Amino acid sequence: MAYSTNSPAGKAVEAIINDLPSLVAVAVVDVNSGMALASHSNSPTVNPETAAAYNTEVVKQKQKAMSALKLTGERIEDILITLTNQLHLIKLNAAGNKFIYLAVNARETNLAIAREVLRTHADDIN
């Protein structure tokens with residue numbers, strides 16, 4: 001457990017754990033630094049801090065692509081990465097300066113519910 005419930009990020013992580021107790025990992029991440037502000041993993045093999053750093057690059061590259069394509073008036077809502085056994089979701093907050101990273105088991109988790117949980121808590125990390 002790498003979070004304190006005294007911060008907005010920690011409160012969001014705790015709420016997501018309560019809403020999706022079988023998650024693999026979760027982290028609230030600062031887009032500028034790539035640092036996890038709060039994180040938790042239910043798997044000894046998944047380090048959410050490492051995932052935070054790499055997924056920050058995913059977000060930044062998508063932002064660059066959008067700029068190159070001149071997609072003005074658009075913003076990233078979320079990013080879904082489908083693996084063989086896991087779903088990885090990245091949900092940005094409205095300001096676009098933080099995101100929630102979530103990894104769940106693809107066979108045990110309803111994607112729509114996972115997305116709704118992230119949507120519900122994304123505004124809490126502002």
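Model, not experiment: these values are computed from the prediction.

*Asks:* Got a sec to walk through the packing of helix α1 (residues 8-19) against helix α3 (residues 111-122)? Specific residues and values, please.
*Replies:* Where α1 contacts α3, the two axes come as close as 10 Å, and the packing angle between them is 155°. The orientation of α1 with respect to α3, classified from their angle, is roughly antiparallel. Taken as a pair, α1 and α3 cross one another with a handedness that is right-handed. Residue-level contacts link Ala12, Ala15, Ile16 and Asp19 of α1 to Val117, Leu118 and His121 of α3. Classifying every residue of the contact of α1 with α3 by side-chain character gives five nonpolar, one polar and one charged.

*Asks:* Residues and numbers for the nonpolar core, please.
*Replies:* Of all hydrophobic cores here, the largest spans 20 residues; its most connected members are Val13, Ile16, Leu23, Val26, Val28, Ile100 and Leu102. Put simply, the parts of the chain that give this core at least two residues each are α1, β1 (25-30), β4 (86-92), β5 (98-105) and α3. Considering every element that reaches this core, the biggest residue donor is α1, with five residues. Residues contacting Val26, with those up to four places away along its chain left out, are Val13, Ile16, Ile17, Ala38, Ser39, His40, Pro48, Ile100, Tyr101 and Leu102. In terms of nonpolar packing, the next biggest core, distinct from the first, is built from 17 residues, Ala25, Val46, Ile79 and Leu92 among them.

*Asks:* Please provide a residue-by-residue account of the pattern of salt bridges, values included.
*Replies:* On inspection of all chains with the given rule, the structure shows four salt bridges. For Glu77, the salt bridge identified is with Arg75, shortest N-O distance 3.4 Å. Here Glu77 falls in the partly exposed class, since its relative accessible area comes to 40%. For Arg75, a relative accessible area of 45% puts it in the partly exposed group. Through salt bridges with shared partners, a single network forms among Arg75, Glu77 and Lys91.

*Asks:* Which residues make up the environment of Val31, and what values go with them?
*Replies:* Secondary-structure assignment places Val31 in the loop between β1 and β2 (36-41). A relative accessible area of 4% means that Val31 is categorised as buried. For the pair formed by Val31 and Ala52, sequence separation is 21 residues and the distance between their alpha carbons is 9.1 Å. Among residues more than four places away in sequence, those in contact with Val31 are Thr56, Val59, Lys60, Gln63, Gly96, Asn97, Lys98 and Phe99.

*Asks:* Account for α3, naming residues and giving values.
*Replies:* The terminal C-alpha atoms of α3 lie 16 Å apart, and with 12 residues this matches the ideal 16 Å at 1.5 Å per residue to within 8%. The elements touched by buried residues of α3 are α1, β4 and β5. Two or three places before Ala112, at the start of α3, stands the capping residue Asn110, its side-chain oxygen 2.8 Å from that residue's backbone nitrogen.

Thresholds applied
- Residues numbered from 1 in each chain as written.
- Predicted model: local features only at pLDDT ≥ 70, side-chain atom pairs only at ≥ 80, totals over all residues.
- Heavy atoms only, no water.
- Axes fitted to C-alpha atoms, helices over the stretch in contact; angles between N-to-C directions.
- Helix = DSSP H or I, 4+ residues; strand = E, 2+ residues; numbered from the N terminus.
- Parallel < 35°, antiparallel > 145°, perpendicular 65-115°, else oblique.
- Left-handed = near helix turned anticlockwise from the far one by under 90°.
- Contact = heavy atoms within 4.5 Å.
- Nonpolar A, V, L, I, M, F, W, Y, C, P; charged D, E, K, R; others polar.
- Core = buried A, V, L, I, M, F, W, Y, C linked by side-chain atoms within 4.5 Å.
- Buried < 20%, exposed > 50% of the residue type's maximum accessible area, 1.4 Å probe, protein only.
- Salt bridge = Lys/Arg side-chain N within 4 Å of Asp/Glu carboxyl O.
- Expected span 1.5 Å × (residues − 1).
- Polar contact = N/O pair within 3.5 Å; in protein donor to acceptor, adjacent residues only side chain to side chain.

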